[in-house]
Amino acid sequence: MGNHANGKRQLIKRLVLGSALAGFVQVSALGGLLSQASAAESWDLANAYGATSIHAEGDMVFAKALEEFSKGQIKVTVHPGGALGYKSSDHFDAVGDGAVEIADTPAGFMGGIDAFTLLSSIPFLVKTVEEARILKDIAFEEYEKFFEQNGQKLLYASPWPASGIWSKEPVREVANLKDLKIRTYDPGGTNTFKEIGAAPIQLAWADVVPQLATGGISSVLTSAEGGVSQKFVEHTPYFTEINYALPLNFVHMNKDVFDKLTPELQDAVEKAAEAASTRNWQEVVSRTKLNYDKVEKDGGTLILTGTDGLLNGLSDAGRTALNDWLKKTGPRGEAIINEYRKRTGK
């Protein structure tokens, strides 16, 4: 009887201990899941341009691809239209300081830090998407060095459709540019339009529509894409095609944030960047016709012909911008331009 009772007590003890152990394992497993969840990266990506712009859409491609490649361990929230309160001119410092993890920024806003970044917006240096890609590929290593020296990592670079002139009145010849208050996006553009007799003002994108509305400017140097996304026809109903440049946007992130990732997650970031870059370069080819259709649908007028004198005058003025860029960048710049001319035969 005693042995039977003792055996029964041992059995109950084992059952209780077993139940407690099972509970501990469940709690530990749950704790591990919670720890993994809390360890997931959550990043913000700043973009001053509208949600339907080619680059903001590319940001969404990047965010979706990164969540997939990282198996949910990195989630990126895209903030188009300057929703985080940053202008494009703020992005470089914001990313470098860690105030925001990633930003999508026009290269022209970094020219004051290193003139080399103004390469893609040199007037009339490239005329096609393929030429823009060749130039980007040649210069990419230098771009990477620039960001790394400033505590950042360049993820990818992709172009806007070709820049043209949005204006209140038709711009068909050089005389139409005389004293024209035109928004430019970098020093090269400012110097080019000043050389030809205009009155250029370099402005961040967020300031363009307010300046148009108040009369601070009466025209804008940007792509049809940029103007369509902001309904420019309400202020500047004419768009003159000049194929001025296909300037790049850089998507760059804080290097400390990137360096702290595991090799697997770093690989995921780079794969997502490649996916977004590929999409943007493919998209820009078809975007011009789409945007031109939207300009006319919105009530705007396209000026596509009869501008030979205007183009020749701008091209002559643009040579000054190239020469100034070469002076500022020295052997670095000369090497890039020489290689570009070698590959394109220009």
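Residues numbered from 1 in each chain as written. Predicted model: local features only at pLDDT ≥ 70, side-chain atom pairs only at ≥ 80, totals over all residues. Heavy atoms only, no water.

Undergrad: An account of the sheet that holds strand β11 (residues 301–303) is requested, with residue identities and associated values reported.
TA: Spatial ordering of the open sheet is given by β7-β6-β8-β5-β9-β11, a layout of 6 strands whose pairing is mixed. In the strand order of this sheet, the two ends are held by β7 (199–202) and β11, each with one partner. Pairwise comparison of adjacent strand axes, ignoring direction, gives a mean angle of 30° for this sheet. Note that strand β9 (residues 238–240) and β11 share 3 bridges and pair parallel. Counted as the bridge partner of F239 is L302 from β11. On the sheet, helix α9 (residues 263–297) packs against β5 (163–167), β9 and β11 and is oriented at approximately 130° with respect to β11. (Pairing = 2+ DSSP bridges. Helix = DSSP H or I, 4+ residues; strand = E, 2+ residues; numbered from the N terminus. Axes fitted to C-alpha atoms, helices over the stretch in contact; angles between N-to-C directions. Contact = heavy atoms within 4.5 Å.)

Undergrad: Lay out the packing of aromatic side chains in plain terms, naming residues and giving numbers.
TA: To describe a pair of aromatic rings, one takes the distance between the centres and the angle between the planes. One pass over the full model with this rule turns up 17 aromatic pairs. Relative to F250, the ring of Y143 lies with its centre 4.8 Å away and its plane at 65°, an arrangement referred to as edge-to-face. Of this pair, Y143 sits in helix α4 (residues 129–149) while F250 is found in strand β10 (residues 248–254), placing the two residues 107 residues apart along the sequence. As far as burial versus exposure is concerned, Y143 and F250 are alike and both buried. Between Y185 and Y244, the aromatic rings sit 6.5 Å apart at their centres with planes inclined by 85°, giving edge-to-face as the arrangement. Highlighted residues: Y185 in the loop between β6 (181–184) and α5 (187–195) and Y244 in the loop between β9 and β10, separated in sequence by 59 residues. There is no split in this pair, since Y185 and Y244 are both buried. An aromatic cluster is built from Y49, W160, W166, W205, F232, F239 and Y292, whose rings are joined through pairwise contacts. (Phe/Tyr/Trp six-rings, centres within 6.5 Å; stacked < 30°, edge-to-face > 60°. Buried < 20%, exposed > 50% of the residue type's maximum accessible area, 1.4 Å probe, protein only.)

These figures capture arrangement, not role.
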